[in-house]
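# Structural overview
Spelled out from the first residue to the last, the chains are:
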Amino acid sequence: FNTLKQQGRLASCLPKQISHIVTLVGVFSLSLISEIVDKTMGFSLAIDGTTAKRVKLQAICIYVFVAGKVESFYVGHLQIPSKFDFPLLHKKESATSRLFRYLSPLFDLIFPNWKRKLIGVSTDGANDMRGQDDGLHRFLNDATENELFCIWCGYHQLEVEIGHRYTQDLSM
């Protein structure tokens, strides 16, 4: 976006026009992903969250087996309102329950057969993702027809281990 702006290509575009174009591209992309998932026997989901300035964002990717190979598609980021945004609405609701409450209708819209086709989940291994009582894996597993496999992402395992090593080195 900044590159286009610096090149002067967006000079004649109003912010509303840019927003409209981005929305159209997003809808078109999601409809293509939806068609691909609809034609496959199953798919896997990768979810990773981050919080910045009290805003919780969940990155969502899907993996499907198409034409003899595994393909990945970035679905997008979903902003999850925090309990600070609507304290009365979320008083007794866990962050994971709130996340599932936002993901479920999104999946219903994009992947109408997700409860039948979802076969696995990859997360960062945090308790809110893998926890037996209140983890996202449990919520997804309860909602789907298949017993889901859950994988703790290798990248995150490496990231955590490096973080531990550097923390240990700095404390010496």
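Right, let's walk through the structure included here. (Residues numbered from 1 in each chain as written. Predicted model: local features only at pLDDT ≥ 70, side-chain atom pairs only at ≥ 80, totals over all residues. Heavy atoms only, no water.)

This part covers the sheet that holds strand S2 (residues 55–66). Strand order in the open sheet formed by 5 strands is S3-S2-S1-S4-S5, and the pairing between neighbours is mixed. Both edges of this open sheet fall to strand S3 (69–80) and strand S5 (149–152), since each of them pairs with a single strand only. Across the sheet, the mean angle from the axis of one strand to that of its neighbour is 20 degrees, orientation sign disregarded. The pairing of strand S1 (residues 43–52) with strand S4 (residues 118–123) spans 4 bridges and is classified as parallel. Note on S4: the bridge partner recorded for Ser-44 is Gly-120. (Pairing = 2+ DSSP bridges. Helix = DSSP H or I, 4+ residues; strand = E, 2+ residues; numbered from the N terminus. Axes fitted to C-alpha atoms, helices over the stretch in contact; angles between N-to-C directions.)

Glancing now at the pattern of salt bridges. Enumeration according to the criterion identifies 2 salt bridges in this entry. The partner of Arg-138 in a salt bridge is Asp-142, and the shortest N-O contact between them spans 3.0 Å. With a gap of 4 residues between them, Arg-138 and Asp-142 both fall in helix H6 (residues 136–143), about one helical turn apart. Judged by its relative accessible area of 29%, Arg-138 falls in the partly exposed class. The exposure class assigned to Asp-142 is exposed, which follows from its relative accessible area of 54%. (Salt bridge = Lys/Arg side-chain N within 4 Å of Asp/Glu carboxyl O. Buried < 20%, exposed > 50% of the residue type's maximum accessible area, 1.4 Å probe, protein only.)

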